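Now for the letters of each chain:
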Amino acid sequence: MLQLNQTYTHYKNKESYITIDFCKIQENDIWVKAVIYKPADCEELFVREYKEFEEKFILKS
């Protein structure tokens, strides 16, 4: 389970991102769980499907 206000590393670019909040996004007319996150070095916000975030990001220890 993802944790809010934690730093995660993207599997490919190795950049750090901080989870901000959970939300819903619509994919193919179906609402799915999503996560709002931002790069550790700026305030720009991104949103990604929860399941995809889990697959592509690793909790930084």
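Each value, and the rule that gives it
In this convention, every chain numbers its residues from 1, walking through the sequence in written order. Local features in a predicted model are, by the rule used here, given only for residues with pLDDT of at least 70; side-chain atom pairs are given and counted only at 80 or more, and totals for whole chains, interfaces and linings are based on all residues. To get the side-chain values, take all heavy atoms of the structure and skip hydrogens and water. Secondary structure elements are defined from DSSP: runs of H or I of at least 4 residues count as helices, runs of E of at least 2 residues count as strands, and each element is numbered from the N terminus. Radius of gyration: C-alpha atoms only; globule rule: 2.2 Å multiplied by the number of residues to the exponent 0.38. We call two residues in contact whenever any of their non-hydrogen atoms come within 4.5 Å of each other. Shrake-Rupley sampling with a 1.4 Å probe provides the accessible areas, and residues are treated as covered by the protein chains on show and by no other component. Positive charge is attributed to Lys and Arg, negative charge to Asp and Glu, and no charge count is given to His or to the chain ends. A charge is said to be at NZ when it belongs to Lys, at CZ for Arg, at CG for Asp and at CD for Glu. UniProt positions are given in the numbering used here, feature names are shortened, and annotations may be inferred rather than shown by experiment. Type-normalised accessible area, obtained with a 1.4 Å probe on protein chains alone, sets the label of each residue: buried when under 20%, exposed when over 50%, and partly exposed for intermediate values.

Looking at the overall build of the chain
Across its full length, the chain holds one helix and five strands. Here the C-alpha atoms of the chain give a radius of gyration of 11 Å, agreeing with the 10 Å that 2.2 N^0.38 yields for 61 residues. Over its C-alpha atoms, taken along the principal directions, the chain stretches across nearly 35 × 20 × 20 Å. Taking the intrachain contacts of the chain between residues at least 6 apart in sequence as the baseline, contacts between residues at least 24 apart amount to 27%. Looking at the chain as shown, the accessible area adds up to about 4400 Å², and 50% of this sits on carbon and sulfur atoms. Within the chain, one finds 9 positive and 11 negative side-chain charges whose respective centroids are separated by 5 Å.

Re the UniProt feature "domain: DUF1653" (unreviewed entry) in the chain
This chain's UniProt record puts "domain: DUF1653" (unreviewed entry) on residues 7-56. Counting secondary structure, residues 7-56 comes out at 14% helix and 60% strand; the distance between its end C-alpha atoms is 13 Å.

Brief notes about unusual backbone geometry
Of note in this structure, lysine 14 is not a glycine but carries a positive phi near 60°. Following the sequence through the fold, lysine 14 ends up in the loop between β1 (7-10) and β2 (16-27). You can call lysine 14 exposed: its relative accessible area is 57%. Even without a glycine there, the phi angle at aspartate 29 is positive, about 65°. Residue class for aspartate 29 comes out exposed when judged on its relative accessible area of 69%.

Some remarks on the environment of aspartate 21
Take aspartate 21: it is sitting in strand β2. Separated by 17 residues in the primary sequence, aspartate 21 and leucine 4 have C-alpha atoms spaced 6.2 Å apart. Among residues more than four places away in sequence, those in contact with aspartate 21 are Leu4, Ala34, Val35 and Ile36.

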